[in-house]
Amino acid sequence: MKGLQSINIIILMIGMVHFGFSQKAQQSLPAIEQIVAATEIINGNSMAEWGIRWTDYLLSFDCDKFPVFSATGEGADQFQEGPVYFLSGAVGGIIRRQVTVESGKFLFIPIVTYLNHFPCPYPNFKPAPGQSMKDFLTEGAADIIDGVKTMKLAIDGDTLSDLSAYRFTSDLFYLKANPKLVCIDVCITDGPQPSIIDGYWVILKPLPKGKHEIWFYGEVPGHGMVVDVGYGVIIQ
């Protein structure tokens, strides 16, 4: 397993924060009714494939703009192309962010994720003899995500606690990250890297115009991970 300081741990997205707004959007549906079905295809991509697209988004930034490190949400609008707007997590503490999203966009919420990619400068980080790269990376990611406990998601105050249907594992893909991100992940290279992303994420249907509260929570006890993160989202 990689060192815990790699980006594979950094992009664990788990959080819970409450935002109090004096004025909310006019419509408020139960949370479960606002989540895209796990089998749905959006703009030609499955839910697992949207996990890859989110990884592409996240790893396009420089270190000083990396959205996982943002305490406010400033700069999150960069690289937000297409029909889905990507939210991000944090490395620790209680983070409260505010973002403004164009009306009609879906929202990607990375509740708990783990990106496993190769190579990495650890002596034993390599497939066993006869093991495929896909199986090696998939097993490594599963070792982390299998330990996730106590997830919650709330949308405008309505809480959903059973998120078991929203675990996804990608096929093997070739990550092309910003090589400058080696400052936070020693496993980043300047070329395509075989990768797997595993975890829990949801995509929300486009929300009505106005102010919304989105908060989510999860734990990975075996790695001491409990991070509180949330978003105030203005749809306009």
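Above this text you will find the structure in question.
In this report, we go over the structure that sits alongside the text.

Reading the values: the criteria
- Residues numbered from 1 in each chain as written.
- Predicted model: local features only at pLDDT ≥ 70, side-chain atom pairs only at ≥ 80, totals over all residues.
- Heavy atoms only, no water.
- Salt bridge = Lys/Arg side-chain N within 4 Å of Asp/Glu carboxyl O.
- Helix = DSSP H or I, 4+ residues; strand = E, 2+ residues; numbered from the N terminus.
- Buried < 20%, exposed > 50% of the residue type's maximum accessible area, 1.4 Å probe, protein only.

Overview of the pattern of salt bridges
- Per the counting criterion, the structure on display carries four salt bridges.
- A salt bridge links Lys 134 to Asp 171, with the nearest nitrogen and oxygen atoms 3.7 Å apart. Of the two residues, Lys 134 sits in helix α4 (residues 133–145) while Asp 171 sits in the loop between β6 (167–169) and β7 (173–175), which places them 37 residues apart along the sequence.
- Among the residues examined, Asp 171 registers a relative accessible area of 54% and is labelled exposed.
- The shortest N-O distance in the salt bridge between Arg 167 and Asp 146 comes to 2.7 Å. Within this pair, whereas Arg 167 is found in strand β6, its partner Asp 146 is found in the loop between α4 and β4 (149–155), the two being separated by 21 residues in sequence.
- Look at Arg 167 and you get partly exposed, because its relative accessible area is 26%.
- Several salt bridges converge on common partners, so that one network encompasses Asp 146, Arg 167 and Asp 198.

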